[in-house]
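Architecture and fold: a report
Residue strings, one per chain:
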Amino acid sequence: MHEANVFPSYRGEMEYVCLGCQARYPIDELHYTCPQCKGVFLLEDARFGELEKTSGQAWRDTFDLRAATKNPALRGIFRFYELMAPVLGESDIVYLGEGNTPVTRSSAALERLVGQPMAFKNDGQNPSASFKDRGMACAFSYLRHLVAKHGWDNVLTICASTGDTSAAAALYAAYVGEPLTSVVLLPKGKVTAQQLSQPLGSGARVLEIPGVFDDCMKVVEYLADHYRVALLNSKNAWRILGQESYAFEVAQWYDWDMRGKAVFVPIGNAGNITAVMGGFLKLLRLGVIDVLPRIFGVQSEHADPVFRYYNQTVGERRYEAVKVRPSVAQAAMIGNPVSFPRVAFLADKYQALGGSFQVVQVSEQRIIESMLLANRHGHIACTQGGECLAGLLKAREQGLMDKGELAVLDATAHALKFSGFQEMYYQNSFGPEYGITPDEKLANAPRLVIGQEDKDRLSEDAFTAQAAQNVVEILGLNKR
Ligand SMILES: *Cc1c(COP(=O)(O)O)cnc(C)c1O
Ligand SMILES: [Zn+2]
């Protein structure tokens, strides 16, 4: 067998570590939060010190070699198996094509407009079209491992969602099948039509609740406290673990050299930014990278509790949930992010090791117009990707960017999932609660070149000729 296809022999000793009371628990049970204090967990490998005995260069060579693997178990996020969940067997691993998403450098024209070298990492090119697949691939692989170990015959997976978590959860549950089933809880009318179609198409049970994501989250947590269900929200530490692969891939793409780079991530429930920081910290500890990239979290004015926290003076910071207002960055429209304690914990660690972590706040107007700007230059950013570009522009205005520093922006989902917001902008149909005034010059709409009555009246050839003539007039074409 080719070396790149060989499943690793290393096995770690993973345990849950509570950020509230520091208690540790074995992983033979699915813990969602700490049974003692309800705090959030991170997963740690007690044998990580063993991995440190291998040189950074040897790890880089291993991961680079595996980039060519044809073994499905190592093709996605588990290319970084030893840093991911090195307790799983080869047959536990679910691979649906997640991870290894492209980093697309922006065109010279866009970089001139923005004034900064920049690239998008297109996490919308994951199977369910958002980064959530990274975490679900890890969580479902772990669930398969548990099911095999305990011989469970029925596992109900459940999540609250702003749209993409449910799409990903339903997809992976549908693939794995028995004994897993999937239920998703959505805020009615607060996910896009495309996002709603995804769990429906995957055959999940879709339940709706009036309100916003935070309302659904409370219901799901109540269920988890009182009933036997496997919760798949990003409080679930296995999801955070899988999402660390984003950081590993960014580092690998830039040949493990993070000098002069700033990574921008939108913050909703704060799972992703937790994972990105955690991932880079792991690479640093192993000597795979030797400097940390700067991290910028980005939040909308309409859902900005993490920004508000970091905007206070060090030493006087107090965390407070906010009541969200409608946002085009709807997947990040969360007023009480469950991973906030993880962010605080990791940001301190990040800064202690020479890294920089900052949060910028952006307007709704800027978010949607940044998305339009990016996509008019060949990107496929969702509104949250637009939020990242808005964050970069804000960071520049505040003098936070170094000259020539490369900004790597997270396009967290595919543009198509959020096309309704683009349409609202073009049609000037935003309610006042969004605080968005469209610029008519940016509007784009299809134009009918010939009517149905002409189609009915004319012969086929005459219709083609007339339609072509109309196009010539609209475009002002010259004969050759
Ligand atoms: C979930 C999601 C976010 C927010 O990520 P968190 O981990 O909740 O901070 C941003 N963008 C998209 C497209 C998402 O689906
Ligand atoms: Zn605890």
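Residues numbered from 1 in each chain as written. Chains lettered and ligands numbered in written order. Predicted model: local features only at pLDDT ≥ 70, side-chain atom pairs only at ≥ 80, totals over all residues. Heavy atoms only, no water.

Quick look at the site of ligand 1 now. The environment of ligand 1 is made up of 13 residues, and the closest members are K132, D164, N269, N272 and T412. Contact distances for ligand 1 include 3.2 Å between an oxygen atom and a backbone N or O atom of G271. Take N272: an N or O atom from its main chain is 2.8 Å from an oxygen atom of ligand 1. About the coverage of ligand 1: the protein hides 98% of its 380 Å² of free accessible area. (Near = heavy atom within 4 Å. Polar contact = N/O pair within 3.5 Å; in protein donor to acceptor, adjacent residues only side chain to side chain. Areas by Shrake-Rupley, 256 points an atom, 1.4 Å probe, with all protein chains shown as cover.)

This brings us to the environment of Y25. Secondary-structure assignment places Y25 in strand β2 (residues 24–26). Sequence separation between Y25 and L346 is 321 residues; the distance between their C-alpha atoms is 20 Å. Discounting chain neighbours no more than four positions away, the residues touching Y25 are E15, Y16, H31, C34, P35, Q36 and F41. Within polar-contact distance, the side chain of Y25 engages the side chain of Q36 at 2.9 Å. (Helix = DSSP H or I, 4+ residues; strand = E, 2+ residues; numbered from the N terminus. Contact = heavy atoms within 4.5 Å.)

In this structure, P179 follows E178 across a cis peptide bond, with omega equal to 0°. Its location among the elements puts P179 in the loop between α7 (164–176) and β7 (180–187). Positive phi values are uncommon outside glycine, yet D255 reaches one of about 55°. Within the element layout of this structure, D255 appears in the loop between α11 (245–253) and β10 (261–266). Residue classification places D255 among the exposed residues on the basis of a relative accessible area of 60%. Although it is not a glycine, A270 adopts a positive phi angle of roughly 70°. (Buried < 20%, exposed > 50% of the residue type's maximum accessible area, 1.4 Å probe, protein only.)

Right, let's get into a nonpolar patch on the surface. A contiguous nonpolar patch, built from V449, V471, I474, L475 and L477 and spanning about 390 Å² of accessible area, is present on the exposed surface. Within the secondary structure, I474 is located in helix α19 (residues 460–475). By relative accessible area, which is 35% here, I474 ends up partly exposed. (Patch = residues over 30% accessible without salt bridge, like charges linked within 9 Å, V, L, I, M, F, W, Y side chains within 5 Å. Salt bridge = Lys/Arg side-chain N within 4 Å of Asp/Glu carboxyl O.)

The next point concerns the pairing of strand β5 (residues 118–122). For β5, the tally of buried residues reaches five of five residues, placing the bulk of the element in the interior. Residues of β5 alternate between two faces, with M118, F120 and N122 on one and A119 and K121 on the opposite face, all of them buried. Taken together, the three bridges between strand β4 (residues 103–105) and β5 define a ladder with antiparallel strand orientation. From the neighbouring strand, V103 faces β5, where its bridge partner is K121. (Pairing = 2+ DSSP bridges.)

This part takes up the sheet that holds β10. Taken together, six strands build an open sheet; the order of strands is β4-β5-β13-β10-β11-β12 and the sheet is mixed. Each edge of the open sheet is held by one strand with a lone partner, namely β4 and β12 (357–362). When the angles between neighbouring strand axes are averaged without regard to direction, this sheet yields 25°. (Axes fitted to C-alpha atoms, helices over the stretch in contact; angles between N-to-C directions.)

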